[in-house]
Amino acid sequence: MKKVMYLTSLVSLLFVMSCKQDTQQGSQEGNIQLSGTIENAGDLEYLLLAKGTEPIDTIELDQSNDFLWKGNAADPTLVTLQIDQKPYMLILEDGEEVEFQVDLENPDDYSVTGSETSAKLKELDVLRRPFYQQQENLQMEFQRRVSAGEDMSVVQSELLAENQEIMKELSQPVVEFAQENKDNLAGFYAMVTVFSVDPVANEEAVIAFVDEVKDEFPDNADVQSFAAHVEKIKPLSIGQVAPDFTSTTPEGEEVKLSDFRGKYVLLDFWAAWCAPCRDENPNIVAEYHAYKDKGFTVLGVSLDRD
């Protein structure tokens, strides 16, 4: 079930990207103040503030289960406030006094004030929860079916197909949230979530979104890093003009992809040593003959060295 487990780990891209920004550790001086109260904290003594996978600071709870942290950030910075086993996403920005409150008997129902963008991230957190629940449900079903003696590869294939369909449905509200919040970083991180869940299915929405917002946050390292990544994949995305290339036919003649402009072109990358490719060759030939009179053609690119 590696691919299903990998899906959950991809969401950590939200946190890993923020490692590029500069957040100084807390002190009694600072332009950012993060304070709050943890109800029903039990034996909890410390909270962890992290940026990506890098700890920023540990924050001590006082006897009333209140806490206070002060620090600085060069730019609005995505951080994680780790309380016990529960992570909370916040965006800290110079000049803000952010107050966070949660009851650990109901850790999903928290409040954050003093940061409009962090409050938006709470809305995003509600939309993201079904993703995590879906992964947990699929993992449990995978283990149950494999333990019952079903073939592992068959179970994995079925669950991945099921997951793909469900992710399409779950992604739509997050895409809508991102488009409604183009003016703040919560919208950006929402679209990163969508991209991490299924970059192929959502690539058109992601590319259009990034093209629109990248100039709105010119100094934000997260936005610019992600925009640069999207720019690299853009030439091969749906709806874009395919990059032209030149290759050689078995007869030694040069042929370009652009020679076939105006036709429906299936690009088939294969090799003589690739058994699945050879199994598929007759099917591709059959499709060519079935549709060649309707403007369809096949450009086969062999990866053989000879």
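In this section: the overall build of the protein chain. Along its length, the protein chain carries eight helices and 13 strands. The proportion of buried residues among the 306 residues of the protein chain is 39%. Contacts spanning at least 24 positions in sequence make up 60% of the contacts within the protein chain whose residues lie at least 6 apart.

Looking now at helix H6 (residues 203–213). Residues of H6 that are buried include every one of Glu 203, Val 206, Ile 207, Phe 209, Val 210 and Val 213, and no others. The buried residues of H6 occupy an angular sector of 165 degrees when projected down its axis, which confines them to one face. Buried residues along H6 sit in contact with helix H4 (152–180), helix H5 (185–197) and helix H7 (221–233).

To continue, consider the sheet that holds strand E4 (residues 54–60). Hydrogen bonds between backbone atoms are what pair the strands of a sheet, whose relative direction is either parallel or antiparallel. Across the sheet, four strands lie side by side as E4-E3-E6-E7; this open sheet has antiparallel pairing. Of all the strands in the sheet, just E4 and strand E7 (86–92) have a single pairing partner and so form its edges. The mean inter-strand angle of the sheet, taken between neighbouring strand axes irrespective of direction, is 25 degrees. Pairing analysis gives three bridges linking strand E3 (residues 46–51) to strand E6 (residues 77–83), with the strands arranged antiparallel. Residue pairing in the sheet places Ala 50 in a bridge with Thr 80 of E6. Along the sheet face, helix H3 (residues 116–147) touches E6 and E7 and points at about 145 degrees away from the line of E7.

Another aspect to go through is the packing of H4 against H5. Interaxial distance between H4 and H5 falls to 8 Å at its minimum, and their mutual angle equals 160 degrees. When the axis of H4 is compared with that of H5, the two are roughly antiparallel. Pair H4 / H5 crosses with left-handed handedness. Mapping the contact onto sequence places Met 167, Ser 171, Val 174, Val 175, Phe 177 and Ala 178 in H4 and Ala 186, Gly 187, Ala 190, Met 191, Val 194 and Val 197 in H5.

Counting 32 residues, the largest nonpolar core has Leu 124, Phe 188 and Phe 226 as the members making the most contacts within it. Elements that contribute at least two residues to this core include exactly E7, H3, H4, H5, H6 and H7. When residues of this core are assigned to their parent elements, the largest contribution, 10 residues, is made by H5.

With that settled, the discussion passes to the environment of Ala 201. Along the chain, Ala 201 falls in the loop between H5 and H6. The partly exposed category is assigned to Ala 201, whose relative accessible area is 43%.

In this section: helix H8 (residues 275–291). Taking 1.5 Å of rise per residue, 17 residues should cover 24 Å, and H8 covers 25 Å from first to last C-alpha, within 8% of that figure. Most pronounced at Asn 281, the bend in H8 amounts to some 30 degrees, and the proline Pro 282 follows within four residues. Close packing links the buried residues of H8 with strand E12 (264–270) and strand E13 (296–302).

In this section: the side chain of Asn 181. Checked against the element boundaries, Asn 181 lands in the loop between H4 and H5. A distance of 2.8 Å separates the side chain of Asn 181 from the backbone oxygen of Phe 177, its partner in a polar contact.

What follows deals with the confidence of the model for the protein chain. Confidence in the prediction for the protein chain averages 87 pLDDT; 90% of positions are at 70 or higher. Scored below 50 in pLDDT, residues 1–12 shows 22 contacts in the model against residues more than four places distant or in partner chains. Counting contacts from residues 14–21, a segment whose pLDDT is below 50, to residues more than four positions away or on other chains yields 35 contacts.

A few words on the pattern of salt bridges. Oppositely charged side chains are able to pair whenever their charged atoms sit close together. Taken as a whole and judged by the stated rule, the model has 10 salt bridges. Glu 141 is paired through a salt bridge with Arg 145; the nearest N and O atoms lie 3.5 Å apart. Of this pair, Glu 141 and Arg 145 are both found in helix H3, four residues apart, which corresponds to roughly one turn of the helix. Judged by its relative accessible area of 22%, Glu 141 falls in the partly exposed class. Of the charged contacts, one joins Arg 145 and Glu 150 as a salt bridge, the two residues approaching to 2.9 Å between their closest N and O atoms. Of the residues examined, Arg 145 reaches a relative accessible area of 11% and is grouped as buried. Judged by relative accessible area, which is 36%, Glu 150 ranks as partly exposed. Within the structure, one salt-bridge network assembled from shared partners comprises Glu 141, Arg 145, Glu 150 and Glu 158.

Turning our attention to the packing of H3 against H4. Interhelical geometry of H3 versus H4 gives an angle of 170 degrees and a closest axis separation of 10 Å. As judged from the angle between their axes, H3 and H4 are roughly antiparallel. Class assignment for the residues of the contact of H3 with H4 results in 16 nonpolar, five polar and six charged.

Within this structure, the stated rule accounts for seven aromatic pairs. Each ring, one from Tyr 88 and one from Phe 100, has its centre 5.0 Å from the other, and the planes form 65 degrees; the classification is edge-to-face. Remark: Phe 100 occurs in strand E8 (residues 97–103) and Tyr 88 occurs in strand E7; sequence separation between them is 12 residues. Note on Tyr 88: relative accessible area 2%, which makes it buried. Relative accessible area serves as the criterion here: at 0%, Phe 100 is assigned to the buried category. Arranged with centres 5.0 Å apart and planes meeting at 65 degrees, the rings of Phe 188 and Tyr 189 form a pair that is edge-to-face. The two residues Phe 188 and Tyr 189 agree in class, both being buried.

What counts and how
- Residues numbered from 1 in each chain as written.
- Predicted model: local features only at pLDDT ≥ 70, side-chain atom pairs only at ≥ 80, totals over all residues.
- Heavy atoms only, no water.
- Helix = DSSP H or I, 4+ residues; strand = E, 2+ residues; numbered from the N terminus.
- Buried < 20%, exposed > 50% of the residue type's maximum accessible area, 1.4 Å probe, protein only.
- Contact = heavy atoms within 4.5 Å.
- Arc of directions from axis to C-beta.
- Pairing = 2+ DSSP bridges.
- Axes fitted to C-alpha atoms, helices over the stretch in contact; angles between N-to-C directions.
- Parallel < 35°, antiparallel > 145°, perpendicular 65-115°, else oblique.
- Left-handed = near helix turned anticlockwise from the far one by under 90°.
- Core = buried A, V, L, I, M, F, W, Y, C linked by side-chain atoms within 4.5 Å.
- Expected span 1.5 Å × (residues − 1).
- Bend = angle between axes of the 7 residues up to and from the residue.
- Polar contact = N/O pair within 3.5 Å; in protein donor to acceptor, adjacent residues only side chain to side chain.
- pLDDT = per-residue confidence, 0-100.
- Salt bridge = Lys/Arg side-chain N within 4 Å of Asp/Glu carboxyl O.
- Nonpolar A, V, L, I, M, F, W, Y, C, P; charged D, E, K, R; others polar.
- Phe/Tyr/Trp six-rings, centres within 6.5 Å; stacked < 30°, edge-to-face > 60°.

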